[in-house]
Amino acid sequence: MELRTRHDWRGWAPSGALMFETPDGLKEIAADATLLALGGASWPRLGGDGGWAEHLTSRGIALAPFAPANMGLEIDWSAPFRERFAGEPLKRIALSCAGAGPVRGEAMVTARGLEGGAVYTLSRAVRDRLATEGEAHLRLDLRPDFDQALIARRLATGPLKQSLSNRLRKAVGLSPVAVGLLREAAGVTLPTDPAALARLIKAAPIKVRAVAGLERAISSAGGIGFDALDDHFMLRAVPGTFACGEMLDWEAPTGGYLLQACFATGRAAAEGISAFLAARATP
Ligand SMILES: Cc1cc2nc3c(=O)[nH]c(=O)nc-3n(C[C@H](O)[C@H](O)[C@H](O)COP(=O)(O)OP(=O)(O)OC[C@H]3O[C@@H](n4cnc5c(N)ncnc54)[C@H](O)[C@@H]3O)c2cc1C
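Residues numbered from 1 in each chain as written. Predicted model: local features only at pLDDT ≥ 70, side-chain atom pairs only at ≥ 80, totals over all residues. Heavy atoms only, no water.

A.B. asks: Could you give me a rundown of the site of the ligand, with the residues and numbers involved?
C.D. replies: Around the ligand lies a shell of 19 residues, among which D8, W9, G39, E246 and L259 are the nearest. In the environment of the ligand, a nitrogen atom lies 2.8 Å from a nitrogen or oxygen atom belonging to the backbone of W9. With respect to the ligand, the backbone of L258 contributes an N or O atom lying 3.2 Å from an oxygen atom. When isolated, the ligand has an accessible area of 1,000 Å², and the protein chains bury 65% of it. Only β1 (8-12) and α8 (257-281) provide two or more residues apiece to the shell around the ligand. With four residues, α8 is the single largest residue contributor to the shell around the ligand. (Near = heavy atom within 4 Å. Polar contact = N/O pair within 3.5 Å; in protein donor to acceptor, adjacent residues only side chain to side chain. Areas by Shrake-Rupley, 256 points an atom, 1.4 Å probe, with all protein chains shown as cover. Helix = DSSP H or I, 4+ residues; strand = E, 2+ residues; numbered from the N terminus.)

As structure tokens, this is what we get:
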């Protein structure tokens, strides 16, 4: 096996050979079979920038447009909240958006909005909601293990001389960042009525301004549609060329599912190549 680094694939030469930009200039390499594994279009700093798309469309292969997937959400925090809480985790919460969720997990407050596992899982629903409705609101359940009535009871029985922040911390176990988030959701003044406060803790509404762009998304949707491939991941329009991984038009949550789908499609395409070469070798 020979590994050639710093070879940037630039499509096909008129001869049909693969064309690469290399430190020694443009080079053509003829191959019996090719497996394209060039990634999606997210986080381009790591190398995969979707630049391959133009080479495939030039061969008549239809691609679904790239869109961010598993991305953070951009939220216009107030300046005091952003300055005090950017970098703080919201632990053991549940997120919903317009019928999607609840997704339990953690989220990280950032200067731009929210990141983290639960956010990424819900981000597709938020992206689609923004695209169809022009706006999207998250509902944050800051105590998913307590029901609303229990929270209201606990808030109602706390010592009245305690500050509201202390009552929220001691009676319901909310962290300072969770209390700050409640204030973001309610406007500056929190309701003092236990029932209204409990309602807010179970479904704090936060307006999402936008989803993070491709440059900061964990993965991308879009790419080569399955119609363009045969059952062995070979491009119908370019016999002998196979594709796998995030180049293909699918999306999945993080947590290993993306890598699993990349490995699985890579393996299936490799088996397709073996069968293709074997069929060619058979007289
Ligand atoms: C920050 C971050 C965290 C992630 N965390 C997880 C996680 O926890 N769990 C999970 O399942 N997934 C995770 N992912 C996603 C996962 O890493 C990707 O889905 C997976 O790596 C995609 O594999 P791939 O082989 O399709 O493409 P890539 O891994 O992107 O590899 C494509 C390669 O092709 C190269 N390339 C692109 N164009 C050309 C060209 N024209 N010529 C030559 N080379 C080219 C690129 O430089 C790159 O090296 C994460 C991604 C990011 C960015």
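A.B. asks: Tell me about the packing of aromatic side chains, and name the residues and values.
C.D. replies: All chains considered together, the criterion is met by five aromatic pairs. Note on W77 and F81: the rings are 4.6 Å apart at their centroids and 50 degrees apart in plane angle, and the pair reads as tilted. Across the pair, F81 and W77 agree in class, each one buried. A centroid spacing of 5.1 Å and a plane angle of 50 degrees characterise the contact between F81 and F85, whose relative ring orientation is tilted. With F81 and F85 both in helix α2 (residues 79-85) and four residues apart, this pair spans about one turn of that helix. This pair shows no difference in class: F81 is buried, exactly as F85 is. One aromatic cluster is present, formed by W77, F81 and F85 through successive ring pairs. Cation over ring: R59 sits above W12, and NZ or CZ is 4.7 Å from the ring centre. The side chain of R143 reaches across the aromatic face of F146, ending 4.2 Å from its centre. (Phe/Tyr/Trp six-rings, centres within 6.5 Å; stacked < 30°, edge-to-face > 60°. Buried < 20%, exposed > 50% of the residue type's maximum accessible area, 1.4 Å probe, protein only. Lys NZ or Arg CZ within 6 Å of the ring centre and 35° of its normal.)

A.B. asks: I'd love a proper account of the sheet that holds strand β10 (residues 136-141), names of residues and values included.
C.D. replies: The antiparallel open sheet is built from seven strands, whose spatial order is β11-β10-β7-β8-β9-β6-β12. Strand pairing shows two members of the sheet lacking a second neighbour, β11 (204-208) and β12 (210-211), which therefore form its edges. Of the pairings in the sheet, the one linking strand β7 (residues 89-97) to β10 comprises three bridges and is antiparallel in character. Each residue of the ladder has a partner; that of A94, found in β10, is D141. Set on the sheet, helix α3 (residues 117-133) makes contact with β6 (73-74), β7, β8 (100-109), β9 (113-115), β10, β11 and β12; between it and β8 the angle comes to about 120 degrees. Of the strands in this sheet, β7, β8, β10 and β11 touch helix α6 (residues 176-186), which is tilted by about 70 degrees from β11. (Pairing = 2+ DSSP bridges. Contact = heavy atoms within 4.5 Å. Axes fitted to C-alpha atoms, helices over the stretch in contact; angles between N-to-C directions.)

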